[in-house]
Amino acid sequence: MREHNMTDYMTKEQFQAVVRSYPEPTFIVTLDDDLTIQFGNEAFYAFFGVDEKSFWNIFQGKFRHVIEASKQVEYKKQLQRQFQKEQGFCLDIQLKDALGQTHFASFSGTKILKIAGEVQKLYCRLHRTDEKHALITELENEKFFFQTVQTLASDLLFRYFIQQDVIHFYGNFRDALGLETKYENYPTCLLQKNAVYEQDFGNFMETLRKMNAGEDGTGYYRAYDRFGKALWLQKEWKVLCDDNGKPKEVIGRISNIQNQKEMEEQINVDTLTGCLRKKVFEQLATRELKASPEKEHTVFIVDLDHFKAINDNLGHQFGDMVLADVGQKLRDLFRTTDYVGRIGGDEFMVFMKDTASHDSIVEKANTILQEMDRTFQGAVHTYRISASVGIATYPKNGFGFQELYEHADVALFDAKNRGKNAYVFYDEKLSKGTMENTMPYDVATRAMSQHFDAKVISGCFNLLFETNDLDISLKCVLQTLGSRFGVSRVYIFERSKTVADCYDNTYEWCADGIESAMDVCQNIPKETFQILMKQGNEEGIIYCNDVMALEDEVKEILDIQDIKSFLHAYTYSGEDVVYAIGFDDCSSQRIWSPIEISTLLHASKIIVQFLNYKGALEHTKSISEERLGVMDSLNYFSYIVDQETYKLSYFNAYTKGKVPHIQVGDVCYKVLRGLGEVCTDCPLAAMKQANTDAIRLVLSDTAMGKYMLINASKLKRFEGKKSMFVAANDVTDVMNLLQPEINTEGCSRIS
């Protein structure tokens with residue numbers, strides 16, 4: 001296409017007169033950055049809904065100003081590429097008229113022969129393509145929709161025309177929901193039919209709001225099927241907009257996710273009570289706190305009083321029926337939007353969203369007490385249960401779920417101490433402790449495994465697991481516990497090795513300004529503390545808020561140490577106490593919090609494992625057959641293995657009790673683990689690799705489903721052979737509590 005000079009054929013005036021008569025928008029621009037208009041016919045200005053004067057007032061006579069701003073760079077590049085090949089051009093462009101409406105056009109033309117001293121000009125024409133563009137868009141939408149129908153025929157497909165309030169449904173699932181193929185006046189028509197599950201009305205309306213706002217998305221709600229059953233549905237959609245960016249149509253699908261929800265409930269819901277499991281409850285409550293931080297929320301912890309008597313006297317099956325009924329009653333008392341969970345045992349919790357007022361909380365608490373106050377008739381006696389309730393509110397009592405939970409638990413603890421069958425709101429004074437309405441000493445009977453300082457416990461475990469010097473690490477553990485809880489003294493008592501039926505204080509940590517009591521706490525007769533030992537619960541925990549309430553014989557020895565209150569954890573062998581680990585407060589009377597009680601309980605379990613090994617190792621370093629009786633007193637796996645053949649030379653009574661068919665001469669990995677070859681995690685191999693005579697490691701025994709703490713050491717000679725002593729303690733409970741806080745990869749050497 002060659003360049004033309006209009007003056008070769010006619011004058012400028014003649015040319016403009018001809019162009020004015022053209023029915024299509026025709027114009028001339030200079031080839032500058034703004035494409036400045038030199039001349040335009042009437043059809044050109046009419047394209048933008050103005051006359052020539054208005055065009056210049058609105059667009060300053062610049063063609064660039066009518067081009068869609070987001071497309072200008074793209075169109076300029078296209079024009080440059082076309083000019084590299086020829087003098088003419090043709091582009092599909094998007095333009096804005098004087099009212100801001102979007103139009104589509106074909107923009108074509110050619111260069112005009114450049115005259116010396118003048119800027120290059122373009123002879124241009126526009127051809128409106130709005131209808132063509134709309135048709136192409138419609139065809140693309142139809143193609144997208146029917147491709148979706150073809151691939152998702154098992155779901156409910158829909159097309160919602162927003163501006164007409166009309167919706168069409170497609171697919172086999174439509175019949176299951178009892179829907180027609182087309183509805184006008186949507187969504188009012190469906191809401192009038194009560195098609196949406198009433199408690200999910202808000203979720204349904206939120207999906208509609210997003211669609212009308214032009215937002216793509218996914219939503220969940222329940223709707224009734226043709227038989228009146230509520231089904232969980234998942235709605236996914238894409239919004240299509242008109243040329244002006246306004247939402248005009250929504251294309252999407254609705255899927256039946258009822259089976260998925262039921263499976264999730266089986267995983268997330270306690271099968272006995274129908275309440276949420278603790279972990280799921282915590283996740284949901286945490287999410288709600290983050291989603292609506294401007295609102296007030298409430299956490300209740302509900303613990304049944306005297307439930308143990310029901311289990312013991314009427315049977316566990318009857319007890320399960322009671323727990324199931326309690327779970328149902330709690331769910332009925334609260335809204336479906338609130339969360340009701342089971343912590344464990346006979347303890348429940350509730351997260352009440354968007355609390356209206358303090359009075360509404362009190363009303364709920366009173367209703368819980370009324371509903372839980374019940375009696376059951378046994379063969380001889382009548383048994384009564386009630387409930388104690390601890391309450392914490394957001395944001396007054398905490399900003400995170402864990403803080404609210406702990407404060408509600410402290411309040412529950414106080415409700416128990418007040419005589420049970422009561423509710424208590426958390427107050428800071430409760431955390432500091434008070435002597436009001438408490439017994440002189442109490443036994444911790446609640447499910448304490450739910451409340452402990454995991455960071456402290458994992459730190460204690462790692463200190464002992466990784467040590468080369470157990471004595472030093474034990475002292476560090478006592479210091480960690482003492483510093484964390486601000487006590488005066490932390491200590492360990494063990495059975496005396498020199499005097500029968502007595503106890504010695506073997507380890508101790510004291511806070512600054514507190515005198516050591518180790519010297520006066522040697523050879524303490526068992527009878528002195530017998531009254532305390534008998535008060536320990538199943539976990540061996542006992543605490544005393546005020547030693548002045550104790551019997552004189554016990555009080556006398558505690559006075560010598562200037563003890564005002566204490567917390568003990570006992571480890572039993574049969575009816576005898578083997579170890580006692582305790583906290584003392586020498587400054588004031590004190591109520592021990594649930595976290596303090598439970599942390600000491602779990603710390604004592606860990607410490608005892610390592611104390612047991614320490615004692616066993618001392619007896620086996622120069623072991624002889626006459627001293628093997630010592631191993632029989634150990635309440636865990638203990639045995640001696642030939643280093644060369646892996647055959648058992650000796651095993652204690654505990655090992656025989658757990659593996660009745662075991663015999664001297666059996667190969668250890670065959671008889672103990674049922675393997676055909678040496679264990680890949682054999683402690684002997686680990687000792688060889690580490691070039692050490694003693695090793696400590698935690699093994700995961702998948703066959704038994706347990707974690708075992710293995711302590712092993714080489715023996716110079718046993719029955720004339722190089723041997724290895726192995727002590728294996730079950731630490732499954734501890735590991736399950738602490739993971740993933742601790743890392744037991746590999747093994748640690750000990751001296």
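Residues numbered from 1 in each chain as written. Predicted model: local features only at pLDDT ≥ 70, side-chain atom pairs only at ≥ 80, totals over all residues. Heavy atoms only, no water.

**Focus on the overall build of the protein chain**
1) Next: Across its full length, the protein chain carries 25 helices and 31 strands.
2) Next: When the 751 residues of the protein chain are sorted by exposure, 49% land in the buried category.
3) Next: A sequence separation of at least 24 residues applies to 55% of the contacts in the protein chain between residues at least 6 apart.
4) Next: Carbon and sulfur atoms make up 48% of the accessible area of the protein chain, which totals about 38,000 Å². (Helix = DSSP H or I, 4+ residues; strand = E, 2+ residues; numbered from the N terminus. Buried < 20%, exposed > 50% of the residue type's maximum accessible area, 1.4 Å probe, protein only. Contact = heavy atoms within 4.5 Å. Areas by Shrake-Rupley, 256 points an atom, 1.4 Å probe, with all protein chains shown as cover.)

**Quick word on the sheet that holds strand β3 (residues 88-96)**
The strands that make up a sheet pair up through hydrogen bonds in the backbone, lying either parallel or antiparallel.
1) Next: Strand order across the open sheet formed by 5 strands is β2-β1-β5-β4-β3, with antiparallel pairing between neighbours. Lying at the two open borders of the sheet, with one neighbouring strand each, are β2 (37-40) and β3. Sheet twist, expressed as the mean angle between neighbouring strand axes with direction ignored, is 30°.
2) Next: Bridge count for strand β1 (residues 26-30) against strand β5 (residues 121-128) is 5 bridges, and the pairing is antiparallel. The partner of valine 29 across the bridge, within β5, is leucine 122.
3) Next: Its contacts with the sheet place helix α4 (residues 72-85) against β3, β4 (102-112) and β5, and it is angled at close to 170° to β3. (Pairing = 2+ DSSP bridges. Axes fitted to C-alpha atoms, helices over the stretch in contact; angles between N-to-C directions.)

**Points about the packing of helix α12 (residues 316-333) against helix α13 (residues 358-372)**
1) Next: Their axes nearest at 11 Å, the elements α12 and α13 cross at an angle of 150°. Here α12 is positioned roughly antiparallel relative to α13, judged by the angle of their axes. Where α12 crosses over α13, the two elements pack in a sense that is right-handed. Taking contact as the criterion, the partners of Val326, Lys329, Leu330 and Leu333 in α12 are, on α13, Lys364, Thr367, Ile368, Glu371 and Met372.
2) Next: By residue class, the composition of the contact of α12 with α13 is 5 nonpolar, 1 polar and 3 charged. (Parallel < 35°, antiparallel > 145°, perpendicular 65-115°, else oblique. Left-handed = near helix turned anticlockwise from the far one by under 90°. Nonpolar A, V, L, I, M, F, W, Y, C, P; charged D, E, K, R; others polar.)

**Let's talk about the confidence of the model for the protein chain**
1) Next: Taken residue by residue, the protein chain gives an average pLDDT of 81. The fraction at 70 or more is 83%.
2) Next: Overall, residues 740-751 carries pLDDT values under 50, and its contacts beyond four positions in sequence, including any with other chains, amount to 35 contacts. (pLDDT = per-residue confidence, 0-100.)

**A look at the pattern of salt bridges**
Side chains carrying opposite charge are able to pair once their charged atoms draw close together.
1) Next: On inspection of all chains with the given rule, the structure shows 26 salt bridges.
2) Next: Aspartate 175 is paired through a salt bridge with arginine 174; the nearest N and O atoms lie 3.5 Å apart.
3) Next: Accessibility expressed as a relative area gives 17% for arginine 174, which makes it buried.
4) Next: For aspartate 325, the salt bridge is made with arginine 374, and the minimal N-O distance between the two is 2.5 Å. Taken as a pair, aspartate 325 in helix α12 and arginine 374 in strand β16 (residues 374-377) lie far apart in primary sequence, 49 residues in all.
5) Next: Judged by its relative accessible area of 24%, arginine 374 is partly exposed. (Salt bridge = Lys/Arg side-chain N within 4 Å of Asp/Glu carboxyl O.)

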